[in-house]
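Structure assessment
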Amino acid sequence: MDTLDLHLGRPVVRGALTVFPVWNGAAVTARGYDLGSGALRVEERTGAPVVAELVVTNTGPRPALLLEGELLQGGQQHRVAARSVVIDSCASHVLEVRCVEEGRWSGGRGHARTGHRAPVSVRAAQAQQSTWQRVRDLESRHGGGETHSLGDTLAGVEERAAALVAHLVPLPFQTGVVLCIAGQPVQLEVFDSPRTLAAVWDAALRAAAVDALDAASIPTPGRRARRFLDRVRQLSTEPAVSKGGRSELRSSPYVELAGLSWRGRTVHAVATNPRHESLHA
């Protein structure tokens, strides 16, 4: 992962949610990949399915990006992508995932990409047991179904989450956001292209809104967002741990940073504040 050249803008406040725009000084105009709409086939592993793994096949003519946090519904149980990955044209990749439907292990092979993303509280879980606990916590606040499905919980609050972030749009050349809840930064997400942010904008903000729906309506001051961004920049210069040959991980007491490097640049970076109260509910 190259050192992140990030710049913070003025925020928008909606209830407990404060959204700071971010610009990436290393942004590109020609991405070299698509987001794989209609070209990515997501399936259970052949033979004996594995809870923590799915197989993604790119049937399209260009490399395709699948993002960490994407909800993949169907198969033996619903999953969430644990890492971002670029899959080459006409290639397959074993994707690291986490189950977000604890009460089901039956069904077909295929998974649907619905465009939904998991809330930050679920995405930040470090293991399967903690992922299930985060899903149960959301379900206890917002309701759910018999199989403890994150998809059911999100469907139940979809209108409220959409209303909270209605009419928010990315600014010209914006490539990322710092999302803050109840007065503190919780996550930075930044891409290598404004086109990528624009494509995932609605799903990313609605997912953050789910965590903010019942939180205290405290705006986040700019100094806290700037301090968080400074810690992310500093951590991006530290030695990384490779994950599956594609993702790089770094951590400190204040930031957990994951980045996907591809063709010599950081395509997608996610930094989470492990001290945020929403991650310890």
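Residues numbered from 1 in each chain as written. Predicted model: local features only at pLDDT ≥ 70, side-chain atom pairs only at ≥ 80, totals over all residues. Heavy atoms only, no water.

Focus on the pairing of strand β4 (residues 40-43)
In this structure, β4 lies alongside strand β5 (residues 53-58), joined through four bridges in antiparallel fashion. Each bridged residue has a counterpart across the sheet, and for R41 the counterpart in β5 is T57. Sheet topology places β4 next to strand β11 (residues 110-117); two bridges connect them, and they run antiparallel. Across the sheet, the residue bridging to E43 is G110, located in β11. (Pairing = 2+ DSSP bridges. Helix = DSSP H or I, 4+ residues; strand = E, 2+ residues; numbered from the N terminus.)

Some points on the nonpolar core
Counting 42 residues, the largest nonpolar core has L17, L65, V100, V122, L150 and I181 as its most contacted members. Contributing elements (two or more residues each) for this core: β3 (17-24), α1 (120-123), α2 (128-142), α3 (150-164), β12 (176-181), β13 (184-191), α4 (194-212) and β16 (256-262). Those residues in contact with V100, other than ones at most four positions away along the chain, are L71, H78, R79, V80, V122, T131, V135, H148, S149 and L150. Counting 17 residues, the second largest nonpolar core, distinct from the first, contains F20, V22, V255 and A271. (Core = buried A, V, L, I, M, F, W, Y, C linked by side-chain atoms within 4.5 Å. Buried < 20%, exposed > 50% of the residue type's maximum accessible area, 1.4 Å probe, protein only. Contact = heavy atoms within 4.5 Å.)

Let's talk about the packing of aromatic side chains
Applying the stated criterion across every chain yields a total of one aromatic pair. The ring of Y254 carries R231 above its face, with NZ or CZ at 3.8 Å from the centroid. (Phe/Tyr/Trp six-rings, centres within 6.5 Å; stacked < 30°, edge-to-face > 60°. Lys NZ or Arg CZ within 6 Å of the ring centre and 35° of its normal.)

Focus: the environment of A269
Inspection of the secondary structure puts A269 in strand β17 (residues 265-272). Judged by relative accessible area, A269 falls into the buried class, the value being 1%. Distance in space between the C-alpha atoms of A269 and V210 is 21 Å, their sequence separation being 59 residues. Contacts of A269, omitting those with residues within four sequence positions, involve L4, L188, E189, V190, L257, A258 and G259.

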